[in-house]
Amino acid sequence: MEEALLGNLSPQVFLRRHWQKRPLLVRRALPAFNGVIGKSELFALAARAGVESRLVQRKGERWQVTHGPLPRARLARAGGRNWSLLVNGVNHHSAAAEALLRRFAFIPQARIDDLMVSYAAPGGGVGPHFDSYDVFLLQGQGRRLWRLARARRFEQVPGAPLRLIAGFRAEEELLLEPGDLLYLPPGWGHDGIALDPCFTCSIGFRAPRGAELAAAFLDYLHERGLPDAAYRDPGLRPAMRPAAISREMVNFAEKQMARIRWDRGDIENFLGRYLSTPKPNVVFRGSTGRVPDLSRCEAILNAKTQMLHLGTRFFINGEVLVPHPGQRPALAALADRRRAAGRTLARAGLGHLILEWHRCGFLSLEPKT
Ligand code: SIN
Ligand code: CO
């Protein structure tokens, strides 16, 4: 299936030749592609409080960004040209968007961020910019002209509400039509201008930065427990300069910091929890009512659920679990394929856990047909 998506390149060849290296344009990657969401549904999502959305308007040389929620009346005021609405995490709200995102499963889930959908009026776009992450841009209805420049140290427009490239000069222009797919590595300059009212799906990726990981790891260590000791100064003498911090106090602090220890298990535990933690706006709706018969169901992970595994540990939505060795294959299958037969999970003694995850809304249990 991915063969067509990547223009007759196998995932191996695509990753070797293009991933993080050079763009790839695939004409008619999805020949009959008509988008994943209609205009009125997209506008309805943009009006919702828990959904991340932006309205980008160009007024001559000036750019204006309005963050959501965006009521329909606000979008109606944007006029007939030169604006774009961008909605993140559409895969959480549309089954078609979730199915499209999962076609990119040849890339590890820990690298996948979300599927964003933009709608642009003619002339609309977000201006010339570069992103820090890889992206696949899949054209839905309408045509969009992409102007590209290879990655370099771009000059940014000071004070702009978007990270715009100053004096952007395109080296290549590509006109994308419905079903065409463009892969861009991080750092490439790009400017997508709608020629018609148009929809673009962005399959976006994530890659943790060192400082971001370190800051989160310090929180993890705090939660795990830090070495503790009370500062004592039985030999204290009268202070000559009462405002001065003593050398003894500094020595104590230095010694305490030097006592902080972690091992690879901490790193693994932290990383899995961190990478599987949902974004703050993600809310799971738990299920109440009749408990289904697991053995007659298929367990399907909720589109919002991030389930990962690393060695003996499994992570689901920020929680860690170390199952019995015999339970690992069934859980790994559920995590990798995002679905598994209830009977297999029940046989592995995971019935209680799966029903608990069902109660929390982490997965659904669909009757097996
Ligand atoms: C879009 O306008 O749909 C894509 C935005 C981007 O280039 O990042
Ligand atoms: Co971009």
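Presented here is an overview of the structure given in this document. Keep in mind the model is a prediction, meaning the values are calculated, not measured.

Observations regarding the overall build of the chain
Next, step 1: Counting its regular elements, the chain contains eleven helices and 17 strands.
Next, step 2: Principal axes of the C-alpha set define a box for the chain whose edges measure 80 × 65 × 45 Å.
Next, step 3: Considering only intrachain contacts with a sequence separation of at least 6, the fraction spanning at least 24 residues in the chain is 77%.
Next, step 4: With the model as given, the accessible surface of the chain reaches about 20,300 Å², and the carbon-plus-sulfur share is 53%.
Next, step 5: Both charge centroids of the chain, one from 53 positive and one from 34 negative side chains, sit 1 Å from each other.

Overview of the coordination of the cobalt ion (ligand 2)
Next, step 1: Note on the cobalt ion (ligand 2): its protein donors are His129 (NE2), Asp131 (OD) and His190 (NE2). The metal-donor distances range over 2.0 to 2.1 Å.
Next, step 2: Looking at aspartate 131, the relative accessible area reads 27%, which means it is partly exposed.

Quick notes on the environment of arginine 62
Next, step 1: Along the chain, arginine 62 turns up in strand E3 (residues 62–67).
Next, step 2: Exposure remark for arginine 62: the relative accessible area of 55% places this residue in the exposed category.
Next, step 3: C-alpha separation for the pair arginine 62 and proline 161, spaced 99 residues apart in sequence, amounts to 9.5 Å.

Some details on the nonpolar core
Next, step 1: Grouped together as the largest cluster of nonpolar side chains are 45 residues, with contacts concentrated most on Leu42, Leu115 and Phe136.
Next, step 2: Residues within four places of leucine 115 in sequence aside, it is in contact with Val36, Val87, Asn88, Gly89, Val90, Asn91, Ala97, Leu100, Leu101, Cys201, Ser202 and Ile203.
Next, step 3: Core analysis: the second largest hydrophobic core is formed by 23 residues, Ala330, Leu331, Phe362 and Leu363 among them.

Quick word on the site of ligand 1
Next, step 1: Neighbouring ligand 1 are the residues Leu86, Ser118, Val126, His129, Asp131, Arg144, Trp146, His190, Thr200 and Ser202.
Next, step 2: A distance of 3.2 Å is found between an oxygen atom of ligand 1 and a side-chain nitrogen or oxygen belonging to histidine 129.
Next, step 3: A distance of 3.4 Å separates an oxygen atom of ligand 1 from a polar atom in the side chain of aspartate 131.
Next, step 4: Taking 260 Å² as the accessible area of ligand 1 by itself, protein coverage stands at 93%.
Next, step 5: Broken down by secondary-structure element, the contributors of at least two residues to the shell around ligand 1 are strand E7 (144–149) and strand E11 (198–205).
Next, step 6: Split by residue class, the shell around ligand 1 holds three nonpolar, five polar and two charged.

A short note on the packing of helix H6 (residues 210–224) against helix H8 (residues 264–276)
Next, step 1: Running from N to C, H6 and H8 point in directions that differ by 110°, and their axes come no closer than 10 Å. Considering the angle they form, H6 stands roughly perpendicular to H8. Along this stretch, H6 crosses H8, giving a crossing that reads as right-handed. Where H6 approaches H8, its residues Glu212, Leu213, Ala216, Phe217, Tyr220, Glu223 and Arg224 are matched on the opposing element by Asp266, Ile267, Asn269, Phe270, Leu271, Arg273 and Tyr274.
Next, step 2: By residue class, the composition of the contact of H6 with H8 is eight nonpolar, one polar and five charged.

A closer look at helix H3 (residues 39–46)
Next, step 1: Leu42, Phe43, Leu45 and Ala46 are the residues of H3 that are buried. Buried residues in H3, looked at end-on, bunch into an arc of 155°, giving them a common side.
Next, step 2: Considering only its buried residues, H3 is in contact with strand E2 (53–59), helix H4 (72–76), strand E4 (83–87), strand E5 (112–120) and E11.

Some remarks on the packing of aromatic side chains
Next, step 1: Throughout the structure, instances matching the rule amount to 22 aromatic pairs.
Next, step 2: Look at phenylalanine 104 and phenylalanine 106: their rings are 6.2 Å apart centre to centre, the planes differ by 40°, and that puts the pair in the tilted class. In terms of burial, phenylalanine 104 and phenylalanine 106 fall into one category: buried.
Next, step 3: Summarising the aromatic geometry, the rings of phenylalanine 136 and tyrosine 183 are spaced 5.1 Å apart at their centres and angled 50° between planes, so their arrangement reads as tilted. Taken together, the residues phenylalanine 136 in strand E6 (residues 135–139) and tyrosine 183 in strand E9 (residues 181–184) connect sequence positions 47 residues apart. Considered together, phenylalanine 136 and tyrosine 183 belong to a single accessibility category, that of buried residues.
Next, step 4: Put simply, the rings of Phe14, Trp19, Phe104, Phe106, Phe136, Tyr183 and Phe205 pair up and form one aromatic cluster.
Next, step 5: Arginine 163 extends its terminal NZ or CZ atom over the ring of phenylalanine 130, reaching a point 5.1 Å from the ring centre.

Some remarks on the pattern of salt bridges
Next, step 1: Counting across every chain of the model gives 16 salt bridges.
Next, step 2: Glutamate 98 is the salt-bridge partner of arginine 338, the closest N and O atoms lying 3.7 Å from each other. Within this pair, whereas arginine 338 is found in the loop between helix H9 (328–337) and strand E16 (339–341), its partner glutamate 98 is found in helix H5 (residues 95–102), the two being separated by 240 residues in sequence. For the residue pair arginine 338 and glutamate 98, the accessibility class agrees, reading buried in each case.
Next, step 3: Connected through shared salt-bridge partners, Glu98, Arg102 and Arg338 make up one network.

Some remarks on the sheet that holds strand E17 (residues 363–367)
Pairing between the strands of a sheet is mediated by backbone hydrogen bonds and can be parallel or antiparallel.
Next, step 1: With antiparallel pairing, the three strands of this open sheet are ordered in space as E16-E12-E17. Taken across any chain shown, the strands that pair with only one partner, and hence form the sheet edges, are E16 and E17. Adjacent strand axes in the sheet meet at a mean angle of 25°, parallel and antiparallel pairs treated alike.
Next, step 2: In this sheet, E16 lies alongside strand E12 (residues 297–301) in antiparallel orientation, the contact comprising three bridges. Paired with alanine 299 across the bridge in E16 is alanine 340.
Next, step 3: Packed on one face of the sheet, H9 meets E12, E16 and E17 and runs near 140° to E16.

So, how was this worked out
Residues numbered from 1 in each chain as written. Chains lettered and ligands numbered in written order. Predicted model: local features only at pLDDT ≥ 70, side-chain atom pairs only at ≥ 80, totals over all residues. Heavy atoms only, no water. Helix = DSSP H or I, 4+ residues; strand = E, 2+ residues; numbered from the N terminus. Contact = heavy atoms within 4.5 Å. Areas by Shrake-Rupley, 256 points an atom, 1.4 Å probe, with all protein chains shown as cover. Lys, Arg positive; Asp, Glu negative; His and termini not counted. Charge placed at Lys NZ, Arg CZ, Asp CG, Glu CD. Donors = N, O, S within 2.8 Å, 3.2 Å for Na, K, Ca; no water. Buried < 20%, exposed > 50% of the residue type's maximum accessible area, 1.4 Å probe, protein only. Core = buried A, V, L, I, M, F, W, Y, C linked by side-chain atoms within 4.5 Å. Near = heavy atom within 4 Å. Polar contact = N/O pair within 3.5 Å; in protein donor to acceptor, adjacent residues only side chain to side chain. Nonpolar A, V, L, I, M, F, W, Y, C, P; charged D, E, K, R; others polar. Axes fitted to C-alpha atoms, helices over the stretch in contact; angles between N-to-C directions. Parallel < 35°, antiparallel > 145°, perpendicular 65-115°, else oblique. Left-handed = near helix turned anticlockwise from the far one by under 90°. Arc of directions from axis to C-beta. Phe/Tyr/Trp six-rings, centres within 6.5 Å; stacked < 30°, edge-to-face > 60°. Lys NZ or Arg CZ within 6 Å of the ring centre and 35° of its normal. Salt bridge = Lys/Arg side-chain N within 4 Å of Asp/Glu carboxyl O. Pairing = 2+ DSSP bridges.

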